[in-house]
Amino acid sequence: MVRGGNAVVVSKGFQDLQLHRRGHNLPWKLRQRSEQEVKKRVYVCPETTCVHHDPSRALGDLTGIKKHFCRKHGEKKWKCDKCSKKYAVQSDLKAHSKICGTREYKCDCGTLFSR
């Protein structure tokens, strides 16, 4: 494809450029932000003692606040068979299980540490 005398390689980057250029043809009022425009929603933790209960420390998406609440304030019903550590989310237990017991550091007193 040739534009303005310059050779242009058709690629994903060129398609992005075309979409970008379409924005320049929009009337000003469509591109301008209105004062009534809703700002980004934030999600606060319902637990009043949590730092994420404060709107200035809120999370930006609903999934994030759900995961946070479950991990930090939910029941920890998933237990590691090796070390008895408990988790509220099964995927956290699975991730832990992959490394549990692989890196052990032992103090002279006999206490084991994973890190």
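So, here is what we can say about the structure in this document. Remember, predicted model here, so these are calculated numbers, not experimental data.

## Focus on the pattern of salt bridges
If charged atoms from side chains of opposite charge come close, those side chains can pair. Overall, the coordinates contain 1 salt bridge when judged by the stated rule. Where D92 meets R71, a salt bridge forms, and the shortest distance between an N and an O atom there is 2.6 Å. With D92 in helix α4 (residues 90-99) and R71 in helix α3 (residues 62-73), this residue pair connects regions lying 21 residues apart in the sequence.

## Thoughts on the environment of V89
Checked against the element boundaries, V89 lands in the loop between β4 (86-87) and α4. When its relative accessible area of 18% is taken as the criterion, V89 is described as buried. Placed 18 residues apart in sequence, V89 and R71 show a C-alpha to C-alpha distance of 6.5 Å. Leaving out residues up to four positions away in the same chain, V89 has contacts with C70, R71 and W78.

Conventions adopted
Residues numbered from 1 in each chain as written. Predicted model: local features only at pLDDT ≥ 70, side-chain atom pairs only at ≥ 80, totals over all residues. Heavy atoms only, no water. Salt bridge = Lys/Arg side-chain N within 4 Å of Asp/Glu carboxyl O. Helix = DSSP H or I, 4+ residues; strand = E, 2+ residues; numbered from the N terminus. Buried < 20%, exposed > 50% of the residue type's maximum accessible area, 1.4 Å probe, protein only. Contact = heavy atoms within 4.5 Å.

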